[in-house]
Amino acid sequence: MRDPRYDILFEPVKIGPVTARNRFFQVPHCNGMGYRDPSGEAHMRRVKAEGGWAVVCTEQVEIHPTSDIGPFIELRLWDDQDLPALTRISEKIHEGGSLAGIELAHNGLNSPNLISRETPLGPQNLPVVSWNYDPVQARAMTKSDIADLRHWHKEAVRRSLKAEYDIVYVYAGHAIGGLHHFLSRRYNNRSDEYGGSLTNRVRLLREILEDSREVADGKAAVACRISVDELLGDEGITRSEIEDVIGLLGETPDLWDFVLGSWEDDSVTSRFGPEAEQEPYVRGLKQLTTKPVVGVGRFTSPDTMLHQVKSGILDFIGAARPSIADPYLPRKIEEGNLEDIRECIGCNICVSGDFTMSPIRCTQNPTMGEEFRRGWHPERIKVRSTDSNVLVVGAGPAGLEAARALGQRGYHVSLAEASRQLGGRVTRESKLPGLSAWIRVVDYREQQLRKLPDVDVFMESEMTADDVIENDFHHVVVATGSHWRRDGVGRWHTHAVPVDEHADVLTPDDVMAGLRPRGNEVVLFDDDHYYLGAVVAELLAKEGFDVTLITPAAHVSQWTTNTMEVVRIRKRIIKAGVHVQVNRAVTAVTPQGVRTVCAFTGDEQFVDADSVVLVTARLPHDGLFHELRSRESEWADADLRSVRGIGDAWAPSTIAAAVWSGHRYAEELDEPPAPGPVAFRREVTGLSIEPVEKFSVPPLADAQNRGTP
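As the structure is a computational prediction, the values presented were derived from the model and not from experiment.

**Examining the overall build of the protein chain**
The secondary structure content of the protein chain amounts to 24 helices and 29 strands. Taking 2.2 N^0.38 as the reference for a compact globule, 709 residues should give roughly 27 Å; the C-alpha atoms of the protein chain span a radius of gyration of 28 Å, in line with that estimate. When its C-alpha atoms are laid out on the principal axes, the protein chain stretches across 75 × 70 × 65 Å. When contacts within the protein chain are restricted to residue pairs at least 6 apart in sequence, long-range pairs at least 24 apart make up 72% of them. When the accessible surface of the protein chain is totalled, it reaches about 28400 Å², and 49% of it is carbon and sulfur. Across the protein chain, the mean location of the 79 positive side-chain charges is 4 Å away from that of the 105 negative side-chain charges.

Put into structure tokens, the structure is as follows:
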């Protein structure tokens, strides 16, 4: 069934004492579940193992309380109390038929230790390089501290073996691993044997790799994850230095895992980087070692994967985001079902789970993070429990996913779309600068709908309440989307702002429909704070308009700090010539321009503009939904049993939320409701045994008189 061209991707590869069944390697990636939801993570990793990833790894695992990166929720291996959670994850990976990898990490300068309250440790006295600019400094590690770190890492390896992991990582990448900080001149100014020359800066990495091999003792492979270039020139780690590092250590680990720069550099969104973007930085490193190497590149094309291996760039096809979008990607290649691959769109909504400390989600794969909580699976879904038919009104992301999943369950589905195109907002937005990969959300679902014999698609079919009631549908789901407001209502203004009737006001919908400002000077007010405001500003600037972007937030596209895009977005619009005013809000629109106010002081200014684009909030297209609900007395005669709203027609949100909403509708149709108020499984923290008090606390009055013991 498999195309013979791809046979090389399914060759077994030895990694020290263990063997991977093929070349597909789910590299370590965070998921927002960690120590809080270990069963959720375990079931998520198992699905990937079932899907054909020969190696499935955890995220970074804190090995000691001095490596606490709270508030982020990662796994921990501080002591034996953490073994049950880690063991459950390895067991589930093994049940799926894969090798289990654990990324042991002492995070050094990246550890503010907000939960443990331990003093952070680093190569020198420096403020921690945490995401939140925590007002905490790390202490320069003494020789005793370094000895402690080596001991802690060895203990973590021992515990990893107890938890039955097959591959243990030594983490020196992404400017997150503490070993990265020792290796980089950016962070290491020591003058002892652990600083200065490259030989000295690599010493601690060498020692911990050797310690890990000694403890692993052939029972597990040892991997080294390392940044191949910090993209800082001589101020940081360079490619030439990494070549020397491999020359010094090339045969010490059983596998090299190459990453690029910081996490932001290694997981660039499709808006800012193409598939296989890391290839130039990694090419040639494999030739410096006899050990297998893995690297990433948001690989979605089997031919690109093939090129990586046949050209001698990589031994393993590493993936985080593509394995999230399609946990069954390897199996689909093996079985010759390439058209069924859900290709990652590179939006980084998955990354936002880590930054918001919430379970991972995915625009393409709505089951991601729900494997344990709701019992969802990316490839399997329960068979329909009734013979009812369903009308889905609207073929945007929510409607398409609802129709696809309902069809997979075996329901007869009629999908009615008012326009000539499927995809709704996705189709429109994918034509904007940098967002072309997002059309994959539509392409995948359109391809799947063609395979479903009981799904009928009707284009240019705008439905009225009369149409619905007269056509004998058992269930109706309204997925008619939303539209951008043109009255300024959003987060800053919860009531309409004054807009002169003669002012030229546009919304993103107008721009995507082909309308353009009537004058050259344009103000774009972004109170949405995700990607669209900056994208529209960039589009207009590149078309020759003089654009000023005004936002009440401290950053352009503030929420994209959670998708690691905020810096690149700002750089992109600066290069496009967009003027920016942050911490200001538009308070009125006139034919000559806009009045603005400082978010802090209330000081007013006037900005000249011929036209204004408002990117604030959206209103759901819920007229059909409400009309049908108002006519509920007519349902029985029409055998209409339910009317539901999903996606943006229910509550405007992200594309990922719309897809998830459509999938949830399909999963739950005709199924019994959850038995309690919580519709998903939770893991609730068990209470520990209360410690015996060492002393009694006197009453408040006595304490005030005698002093608190």
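Additional details are given in the paragraphs that follow.
**Quick look at the nonpolar core**
In this structure, Leu-205 and Ile-226 are the most contacted members of the largest nonpolar core, which totals 70 residues. With six residues, helix H6 (residues 203-216) is the single largest residue contributor to this core. In contact with Ile-226, other than residues within four places in its own chain, are Ala-172, Gly-173, Leu-183, Leu-205, Ile-242, Val-245, Trp-256, Asp-257, Phe-258 and Val-259. In this structure, Val-413, Leu-432, Ala-479 and Leu-524 belong to the second largest nonpolar core, which totals 65 residues.

**Digging into the sheet that holds strand E9 (residues 137-140)**
The three strands lie next to each other as E7-E9-E8, forming an open sheet whose pairing is mixed. Looking at which strands have only one partner, the edges of the open sheet turn out to be strand E7 (121-122) and strand E8 (126-127).

**Digging into the packing of helix H14 (residues 397-409) against helix H23 (residues 655-668)**
Contact pair H14 / H23: the axes reach a minimum separation of 7 Å and the direction vectors enclose 30°. Taken together, H14 and H23 sit at an angle that is classed as roughly parallel. Judged by the twist between their axes, the crossing of H14 over H23 is right-handed. Every residue of H23 that contacts H14 at Pro-397, Ala-398, Glu-401, Ala-402, Arg-404, Ala-405, Leu-406 and Arg-409 is listed here: Ile-655, Ala-658, Val-659, Gly-662, His-663, Tyr-665, Ala-666, Glu-667 and Glu-668. Its residues placed into classes, the contact of H14 with H23 shows 10 nonpolar, two polar and five charged.

**Concerning empty space enclosed by the protein**
Counted by the stated rule, this structure contains 10 cavities of 30 Å³ or more. Pro-28, His-29, Cys-30, Trp-263 and Ser-267 are the residues nearest the centre of the largest cavity, which is lined by 30 residues in total. Secondary-structure elements contributing two or more residues to the lining of the largest cavity are strand E4 (55-62), helix H8 (263-266), helix H11 (321-325) and helix H13 (349-355). Residue composition of the lining of the largest cavity, grouped by class: 16 nonpolar, six polar and eight charged. Estimates place the volume of the second largest cavity at around 90 Å³.

**A closer look at a nonpolar patch on the surface**
A surface patch of nonpolar side chains, about 250 Å² in accessible area, is lined by Tyr-35, Leu-114 and Ile-115. Inspection of the secondary structure puts Tyr-35 in the loop between strand E3 (24-26) and helix H1 (38-50).

**Some words on the sheet that holds strand E16 (residues 412-416)**
With respect to topology, five strands assemble into an open sheet ordered E17-E16-E15-E18-E29, the strand pairing being parallel. The open sheet has two edge strands, strand E17 (455-458) and strand E29 (642-645), and neither has a second partner. Going from strand to strand, the sheet's axes swing by 15° on average, the running direction of each strand aside. Its contacts with the sheet put H23 on strand E15 (389-393), strand E18 (475-478) and E29, and the angle it makes with E18 is roughly 170°.

**Focus on the packing of aromatic side chains**
Aromatic ring pairs are defined here through the distance separating the ring centres and the angle between the ring planes. Tallying each qualifying case throughout the model produces 14 aromatic pairs. Seen in terms of ring centroids, Trp-256 and Phe-258 are 6.1 Å apart; in terms of plane orientation they differ by 20°. Their pairing is stacked. Assessed through its relative accessible area of 0%, Trp-256 is described here as buried. Phe-258 gets classed as buried once you look at its relative accessible area, which sits at 2%. Within the aromatic cluster, the residues linked to one another by ring pairs are Phe-72, Trp-131, Trp-263 and Phe-355. In this structure, Arg-374 is placed above the aromatic ring of Trp-376, and the distance from its NZ or CZ to the ring centre is 5.8 Å. The residue whose ring lies beneath Arg-618 is Trp-484, and the NZ or CZ to ring-centre distance is 5.1 Å.

**Some remarks on the state of the cysteines**
Summed over the entire model, instances satisfying the criterion amount to zero disulfides. This cysteine, Cys-344, is not joined by any disulfide, and Cys-350 carries the nearest cysteine sulfur, 6.5 Å off. Among the cysteines around Cys-362, which has no disulfide bond, Cys-350 carries the closest sulfur, lying 6.5 Å off. Here Cys-362 falls in the buried class, since its relative accessible area comes to 11%.

**Focus on the pairing of strand E22 (residues 546-550)**
Counted residue by residue, E22 has four buried out of five residues, so it is predominantly covered. Judged from the five bridges that link them, strand E21 (residues 521-526) and E22 form a sheet pairing that is parallel. When the bridges of E22 are listed, Phe-525 appears paired with Ile-550. In this fold, E21 hands off to helix H19 (residues 532-542), which returns the chain to E22; that crossover is right-handed. Across three bridges, E22 lies against strand E23 (residues 579-581) in parallel orientation. The partner of Leu-549 across the bridge, within E23, is Val-580. Taken together, E22, helix H20 (residues 566-575) and E23 constitute a β-α-β crossover, and its handedness is right-handed.

**Section: helix H3 (residues 143-162)**
In this model H3 runs 29 Å from its N-terminal to its C-terminal C-alpha over 20 residues, within 8% of the 28 Å that 1.5 Å per residue would give. Of all the residues in H3, the buried ones are Asp-145, Ile-146, Leu-149, Trp-152, His-153, Ala-156, Val-157, Arg-159 and Ser-160. All buried residues of H3 lie within an arc of 165° about the axis, which places them on one face of the element. Positive backbone phi, approximately 70°, marks Glu-164, located one or two places after H3.

What counts, and at which threshold
Residues numbered from 1 in each chain as written. Predicted model: local features only at pLDDT ≥ 70, side-chain atom pairs only at ≥ 80, totals over all residues. Heavy atoms only, no water. Helix = DSSP H or I, 4+ residues; strand = E, 2+ residues; numbered from the N terminus. Rg over C-alpha atoms; globule rule 2.2 N^0.38 Å. Contact = heavy atoms within 4.5 Å. Areas by Shrake-Rupley, 256 points an atom, 1.4 Å probe, with all protein chains shown as cover. Lys, Arg positive; Asp, Glu negative; His and termini not counted. Charge placed at Lys NZ, Arg CZ, Asp CG, Glu CD. Core = buried A, V, L, I, M, F, W, Y, C linked by side-chain atoms within 4.5 Å. Buried < 20%, exposed > 50% of the residue type's maximum accessible area, 1.4 Å probe, protein only. Pairing = 2+ DSSP bridges. Axes fitted to C-alpha atoms, helices over the stretch in contact; angles between N-to-C directions. Parallel < 35°, antiparallel > 145°, perpendicular 65-115°, else oblique. Left-handed = near helix turned anticlockwise from the far one by under 90°. Nonpolar A, V, L, I, M, F, W, Y, C, P; charged D, E, K, R; others polar. 1 Å grid on protein atoms, 1.4 Å probe; cavity = no way out; pocket = protein on both sides within 12 Å on 5 of 7 lines; lining within 4 Å. Points joined across faces, edges and corners; volume = space filled by probe spheres on them. Patch = residues over 30% accessible without salt bridge, like charges linked within 9 Å, V, L, I, M, F, W, Y side chains within 5 Å. Salt bridge = Lys/Arg side-chain N within 4 Å of Asp/Glu carboxyl O. Phe/Tyr/Trp six-rings, centres within 6.5 Å; stacked < 30°, edge-to-face > 60°. Lys NZ or Arg CZ within 6 Å of the ring centre and 35° of its normal. Disulfide = S-S within 2.5 Å. Right-handed = clockwise from strand over helix to strand, strands pointing away. Expected span 1.5 Å × (residues − 1). Arc of directions from axis to C-beta.

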